[in-house]
Amino acid sequence: MADADHITDEGSDFWRSSWPGWRGRTREWTLITGLLQEAQAGRGAVLLVEGRSGIGKSRMLHITTTAAARAGLGVAQGTADELTQLIPLAPLTTALGNTSRVLPPAAHINLCGQADQRLLLVEQLQGQLEHRVAQKPMLLALDDLHWADPITLLALRSMTRDLASYPLVWMLTRTTGNADCPRLNRLYDLLEHDGAIRLTLGALDPQAVTDVITDVLGAKPEPDVLALAGIVDGNPFLLVDLLEKFKSEGVFQIAEGHARMAASPPRTHAVMQERLEGLSARTRYLLQCAGILGRSFSVKDLTEMLGEPTNTLLPMLEEAMSAGVIEPAGDELAFRHDLLWQAVVKTIPDSVRRAMHHDAGKMLLKRGGSAVPAAAHLIHSAGRGDTPALLGLDRAAREVLRSSPQTAVDLALRALELSDSADPDWFGRAATAVDALTVIGRLSEAADLARSALGRAPPLHAPRLRCALAHILLLSGRPADAISETENLLTETDLPDDLRGIAEWTMFWALTCLNDFRKGRRRAEAVLADRERHADAAVVGALLLLAQFAMVDGRIADSFTHLCEALRITDRGAVEAIQRPYTRLILSLYYRAMREFDAADIAIQAAEEEINDLGLTVLAAQPALFRSVLHLGTGRLDDAAAEAQAGSMTAEELGTHGFIRVGLSILAVIALRQGDIDAAVRHIERFQSIQAAPEMLYGSVWEKWVMAAVAEAQGDPGRAVDILDAIYTDEEKRRWALLTTPLTAAWMTRLALAAANRPYARAILDTAEYLARNNPDYPVFSVTFAHARGLFHQDPGALATAADQPEPWARALVAEDLGVLLAATSGPDATAKAVDSLDEALDGYERIGALWDVARVRARLRALGVRRRHWGQSQRPAFGWDSLTDTERAVASLIIRGMTNRQIAQRMFLSPHTVSTHLRRMFGKLNIASRTELARIVAEMCPELIKGG
């Protein structure tokens, strides 16, 4: 067969669609060369290749990498296989030139907030790849992803999206037709939905078969030779293998440029086995041992497994290479094709194969170092009660717990299956499995296993596991059960101080989730009254609960005092990791409620740094969601949408689905503001199908507000009031709602009046007055109270007093309400004043893109005989350079200066996810797909940005 190098001997050959050694793939190759040309021009792409084993996927990948390198693209190539699928990120780290590694073993029973380093590892790799592709266009090719580990699939989902603006072509191949792989199926489906190109390689067509046979035999095939293709179902690897074998055995007769059968083909149904049977017995044995080590293997491992020095193996290795069974692969040797590897392994009886895997695992364990390579063998071979093998699986599970918790789950559960009931190590295995199940969000399984383990727990470890169970119940949205568990735990007199502190913190947070502040307040005040007897974790929990209670009670200054004290304690680092970002997230929420937007942003940034540094993946989506709410308050709707989308995508990737619900509720608010009620309804329908996240501090109130707002927009204020009934009728809920959401006092007052429910409107007004009277140092409350009072009493003077609103949307709303009131007032200049006020509202709504409100105000103006054009000067078009927001232009200016997404994120205090979201929105508005095209547009439309660089 001709080598792939033939395709790039000359520059023009790069685009050839067919040549000896590569037949029947004209359409596929045309597509691939087009993608490589696009990369040279600055555009990236994702290519998904799939098909049966031997159909040509690896050949296609090899030819593509060769062609890309000859064309001047950077090339990175990695391969997954069965025996490296336990090593986190193995294919990617190999492709990028790193040594595959795992983190140090995780501490045993981490209780809560396990350090989950998945995001950190992915971000490190993404930073390296981004740096390389920023220097030159690249092809990154990964083969055999059906063997990929879970974190590799997570990384591919994240990295293909975040690096979509770069000239990076991803080529991802997998074999189909064997065992189903749901995670990989989902990844391929998601990538295809995002725009990836999917190629399914099928059998060679008749013309391709003729070309292949002509290439191999040097003659055109007669019908009897062509019939051989049916034996292998058009599989190119098997076809070539069959032809070469029969050619060497004299099966073909070549005459006058034609090939025909000279003899009956020998056992054509078992070509692979015949190739192996032609080898010496010692070489076959060597290959069987090599096959146990994997598709690729080191000579060192092979010599150790065989117990022979390298020089004695040389004749056998040379025979295997001459027969085309194995070939050099960098520093190792590899089977020439996956089918050959499978054929060798299948010659080993199942019982013998398990024993050989067991021997290989023991060999690797004795060597020391990581237990993960050994575990790849032990998971296939360990038997019940096999103590050394089970201990090896234990070690490997602890090693990968922080970097690939899904793998840790698989290892720990497998070890549990094989453990005898009396095994003293059973509890430790169960504890590791509980930790791993908790990290990946399989909380019900984690709780069930924790309860089972408590029945066998040694007295020393039982309280620690019970504490972990309470935290699992809290994460599961079962705060009442978490309280019950911690109450039982706290009755133990000899409970260690650190566990008592964590249990008390869990109880305080559960009481906060239940809004049970009466019970919680008594406990919290008791802890603070006797601090020396309580751990810092308990003190922080007490302070956070009292801060929340003070906020609900309308004592804002007291709330900030408690939070600042909690922050001082957490900054000393004497608390559980999970507690630290919560304090800052609550601070950001309260600062936003006070309209202190800069302070809120600083708190979110600090919380995000802690989440990333501490490996708190369970909270990774929260900073973007909190920042989205902040942008909504400052009137930056596009930026708010970008953050909500980034937060939702992070939650989806990590399996923290409750936060997807929160992101969708925010997107529904934005859609409503922008006048797209249908989109708002779709977001609501989707978030209602997802279980809520109890850890999200404002989620449920937000959801009720957006559902009520949509009902009002649909012309049904009565239904909107019904949705908010619990808030209208409960004093604490009213205060919390007016403090923490865009559910302003004025909006609720107006809604109740529109539904002819004056008592509800009065209740809102009384709550607004209470907050203003009790918090004179926070002027936002007096302003919002004036707005509600002006509506309730139809008082234009009160509305004029409320004009100094810190939020752009609320400011425009005051102007609109004042205009409506003046329009209904008699007097010589009342109409003129009403028009002026409505014009002010129209301008305010247009500035922030609140198109639903814009349409309503235009209708009010038309009723007064005034028509305003539909495209105000300040309103952005939907497409083109002028459609970009200030944030998007800022991102463009930094791209022009050569910054990577990661550098832009650091400069603008955003996440790389959010920067990539902004870029996708910009590319859609500008109808482009690369940073190169963006640079060109910036040079044409806004050259001052370049000069500024």
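Here the structure is a predicted model, which is why all the values come from computation and not from measurement.

Chemist: What is the right way to read the overall build of the chain from this model?
Modeler: The secondary structure content of the chain amounts to 49 helices and eleven strands. For 949 residues, the compact-globule estimate of 2.2 N^0.38 gives 30 Å, and the chain sits close to it at 33 Å. On the principal axes, the C-alpha backbone points of the chain span a range of 110 × 75 × 50 Å. Within the chain, buried positions represent 58% of all 949 residues. When contacts within the chain are restricted to residue pairs at least 6 apart in sequence, those whose partners lie at least 24 apart make up 68%. For the chain, the exposed area adds up to about 37200 Å²; of that, 50% sits on carbon and sulfur atoms. Side chains of the chain give 100 positive and 118 negative charges; the mean places of these two sets differ by 2 Å.

Chemist: I'm lost on the sheet that holds strand β4 (residues 168-175) in this one. Help?
Modeler: Pairing between the strands of a sheet comes from backbone hydrogen bonds, and it takes one of two forms, parallel or antiparallel. Strand order in the open sheet formed by five strands is β2-β3-β4-β1-β5, and the pairing between neighbours is parallel. Looking at which strands have only one partner, the edges of the open sheet turn out to be β2 (74-79) and β5 (197-200). Adjacent strand axes in the sheet meet at a mean angle of 15° when their direction is disregarded. With four bridges connecting them, strand β1 (residues 45-51) and β5 associate as parallel partners. Counterpart to E50 in the pairing with β5 is T200. Where helix α1 (residues 26-40) meets the sheet, it contacts β1, β4 and β5, and its direction lies at approximately 155° from that of β5.

Chemist: Could you clarify how one ought to interpret the pattern of salt bridges in this entry?
Modeler: Between side chains of opposite charge, a pair can form as their charged atoms come close. Tallied over the entire structure, the rule returns 58 salt bridges. Here R735 and E731 are joined by a salt bridge, their closest N and O atoms 2.7 Å apart. Taken together, the positions of R735 and E731, both in helix α37 (residues 731-740) and four residues apart, correspond to about one turn of that helix. Put simply, D853 and R856 hold a salt bridge, and the shortest N to O gap is 2.8 Å. Note that D853 and R856 are positioned in helix α44 (residues 851-863) at a spacing of three residues, about one turn of the helix. We classify D853 as buried; its relative accessible area is 4%. The structure contains a network of salt bridges with shared partners spanning E50, R174, D189, E192 and R198.

Chemist: I tried to follow the side chain of E50 on my own but got confused; where do I start?
Modeler: Turning to its location among the elements, E50 is positioned in strand β1. Here the side chain of E50 touches R174 through a polar contact of 2.9 Å, side chain to side chain. There is a polar contact of 3.0 Å between the side chain of E50 and the side chain of R198. For E50, the contacting residues outside a window of four places in its chain are K57, R174, T176, Y188, R198, L199, T200 and L201.

Chemist: Is there a simple way to explain the nonpolar core in this structure?
Modeler: One broad rule of soluble globular proteins: the nonpolar side chains tend to lie buried together. Among the nonpolar cores identified, the biggest contains 213 residues, and L287 and L302 are the most heavily contacted of them. Ranked by the residues each element gives to this core, the list is headed by helix α26 (residues 536-552), at twelve residues. If near-sequence neighbours (up to four positions away) are discounted, L302 is found in contact with L286, C289, A290, L293, F297, L313 and L317. One finds L96, L119, L129 and A148 within the second-largest nonpolar core, a separate group that totals 37 residues.

Chemist: I tried to follow unusual backbone geometry on my own but got confused; where do I start?
Modeler: In terms of backbone geometry, most residues other than glycine have negative phi values and most peptide bonds are trans. The backbone of L89 shows a phi angle near 65°, a positive value even though the residue is not glycine. By secondary structure assignment, the location of L89 is in the loop between β2 and α3 (90-95). Overall, the relative accessible area of 3% leaves L89 in the buried class.

Chemist: Help me understand the pairing of strand β7 (residues 252-255) in this model?
Modeler: Put simply, side chains in a regular strand alternate between the two faces of the sheet. Judged from the four bridges that link them, β7 and strand β8 (residues 258-261) form a sheet pairing that is antiparallel. Bridge assignment links F252 to a residue of β8, and that residue is M261. Where β7 folds back on β8, the antiparallel hairpin that results is connected by two residues, among which E256 adopts a positive phi of roughly 50°.

Chemist: Would you explain the packing of aromatic side chains in this entry?
Modeler: Given two aromatic rings, one states the distance between the centres and the angle between the planes to describe the pair. Enumeration according to the criterion identifies eleven aromatic pairs in this entry. Note on F517 and F549: the rings are 5.9 Å apart at their centroids and 45° apart in plane angle, and the pair reads as tilted. Residue F517 is found in helix α25 (residues 517-529), and its partner F549 is found in helix α26; the two are separated by 32 residues along the sequence. For the residue pair F517 and F549, the accessibility class agrees, reading buried in each case. A connected cluster of aromatic rings, assembled from ring pairs, spans F560, Y590, Y591, W736 and Y778. Of note, R758 hangs over the ring of F792, and the distance from its end group to the ring centre comes to 4.0 Å. The ring of F785 carries the charged tip of R789 above its face, separated from the ring centre by 5.0 Å.

Chemist: When you look at the packing of helix α7 (residues 206-217) against helix α10 (residues 236-248) in this model, what are you seeing that I'm missing?
Modeler: To describe two helices that pack against each other, one gives the angle between their axes and the distance between the axes. Packing of α7 against α10 brings their axes to within 10 Å, and their N-to-C directions diverge by 35°. Judged by the twist between their axes, the crossing of α7 over α10 is right-handed. Along the contact surface, α7 presents V209, V212, I213, V216 and L217, while α10 presents L239, V240, L243, E244 and K247. Class assignment of the residues belonging to the contact of α7 with α10 gives a composition of eight nonpolar, no polar and two charged.

Chemist: What's the story with the environment of Y845 in this structure? I'm lost.
Modeler: Relative to the assigned elements, Y845 resides in helix α43 (residues 830-848). Take Y845: its relative accessible area is 0%, and that puts it in the buried class. Separated by 679 residues in the primary sequence, Y845 and Y166 have C-alpha atoms spaced 36 Å apart.

Chemist: Looking at this structure, I do not really get the sheet that holds β8. What am I missing?
Modeler: If you trace the three strands from one edge of the open sheet to the other, you get β6-β8-β7, paired in mixed fashion. The strands lining the two open edges of the sheet, one partner per strand, are β6 (220-221) and β7. Pairing of β6 with β8, which is carried by two bridges, proceeds in the parallel orientation. By the bridge assignment, K220 is partnered in β8 with H258.

Chemist: Looking at this structure, how should I read the environment of F879?
Modeler: Position of F879 relative to the elements: it lies in the loop between α44 and α45 (886-896). On the accessibility criterion, F879 (61% relative accessible area) is exposed. Along the primary structure F879 and G924 are separated by 45 residues, whereas in three dimensions their C-alpha atoms are 8.0 Å apart. Once residues lying within four places of it in the same chain are set aside, the contact partners of F879 are G924 and K925.

Chemist: Explain helix α46 (residues 901-908) here, please?
Modeler: One full turn of an α-helix is made of 3.6 residues, so residues set three or four places apart face in the same direction. Three or more residues of α46 are buried, namely N901, I904 and A905. Projected onto a plane normal to the axis of α46, the buried residues spread over an arc of 100° and lie on a single side. On its buried side, α46 packs onto α4 (118-135), α5 (150-162), α45, α47 (912-926) and α48 (931-941). Backbone geometry just downstream of α46 places F909 in the positive-phi region, at approximately 55°.

Chemist: Would you mind showing me how to read the side chain of S930 here?
Modeler: By the secondary structure assignment, S930 is in the loop between α47 and α48. Classification of S930 as buried rests on a relative accessible area of 0%. With residues up to four places along the chain from it excluded, the contact list for S930 reads G42, R43, S165 and F923.

Chemist: Is there a simple way to explain the packing of helix α12 (residues 281-293) against helix α14 (residues 310-322) in this structure?
Modeler: It is the contact of α12 with α14, at a shortest axis distance of 9 Å, that shows an interaxial angle of 85°. The angle between the axes of α12 and α14 places the two elements in the roughly perpendicular class. Each of R282, T283, L286 and L287 in α12 lies in contact with α14, whose residues at this interface are L313, M316, L317, E319 and A320. Here the residues of the contact of α12 with α14 are counted per class, giving six nonpolar, one polar and two charged.

Chemist: Could you clarify how one ought to interpret the confidence of the model for the chain in this entry?
Modeler: Should the pLDDT be low somewhere, the predicted coordinates at that spot are not to be read in detail. Here the chain averages 85 in pLDDT, and 92% of its residues register 70 or above. When mean pLDDT is taken per element in the chain, strand β3 (residues 138-143) scores highest with 96 and helix α49 (residues 943-948) scores lowest with 66. When the criterion is pLDDT under 50, residues 1-12 qualifies, and its contacts beyond four places in sequence or with other chains add up to 27 contacts.

Analysis parameters
- Residues numbered from 1 in each chain as written.
- Predicted model: local features only at pLDDT ≥ 70, side-chain atom pairs only at ≥ 80, totals over all residues.
- Heavy atoms only, no water.
- Helix = DSSP H or I, 4+ residues; strand = E, 2+ residues; numbered from the N terminus.
- Rg over C-alpha atoms; globule rule 2.2 N^0.38 Å.
- Buried < 20%, exposed > 50% of the residue type's maximum accessible area, 1.4 Å probe, protein only.
- Contact = heavy atoms within 4.5 Å.
- Areas by Shrake-Rupley, 256 points an atom, 1.4 Å probe, with all protein chains shown as cover.
- Lys, Arg positive; Asp, Glu negative; His and termini not counted.
- Charge placed at Lys NZ, Arg CZ, Asp CG, Glu CD.
- Pairing = 2+ DSSP bridges.
- Axes fitted to C-alpha atoms, helices over the stretch in contact; angles between N-to-C directions.
- Salt bridge = Lys/Arg side-chain N within 4 Å of Asp/Glu carboxyl O.
- Polar contact = N/O pair within 3.5 Å; in protein donor to acceptor, adjacent residues only side chain to side chain.
- Core = buried A, V, L, I, M, F, W, Y, C linked by side-chain atoms within 4.5 Å.
- Phe/Tyr/Trp six-rings, centres within 6.5 Å; stacked < 30°, edge-to-face > 60°.
- Lys NZ or Arg CZ within 6 Å of the ring centre and 35° of its normal.
- Left-handed = near helix turned anticlockwise from the far one by under 90°.
- Nonpolar A, V, L, I, M, F, W, Y, C, P; charged D, E, K, R; others polar.
- Arc of directions from axis to C-beta.
- Parallel < 35°, antiparallel > 145°, perpendicular 65-115°, else oblique.
- pLDDT = per-residue confidence, 0-100.

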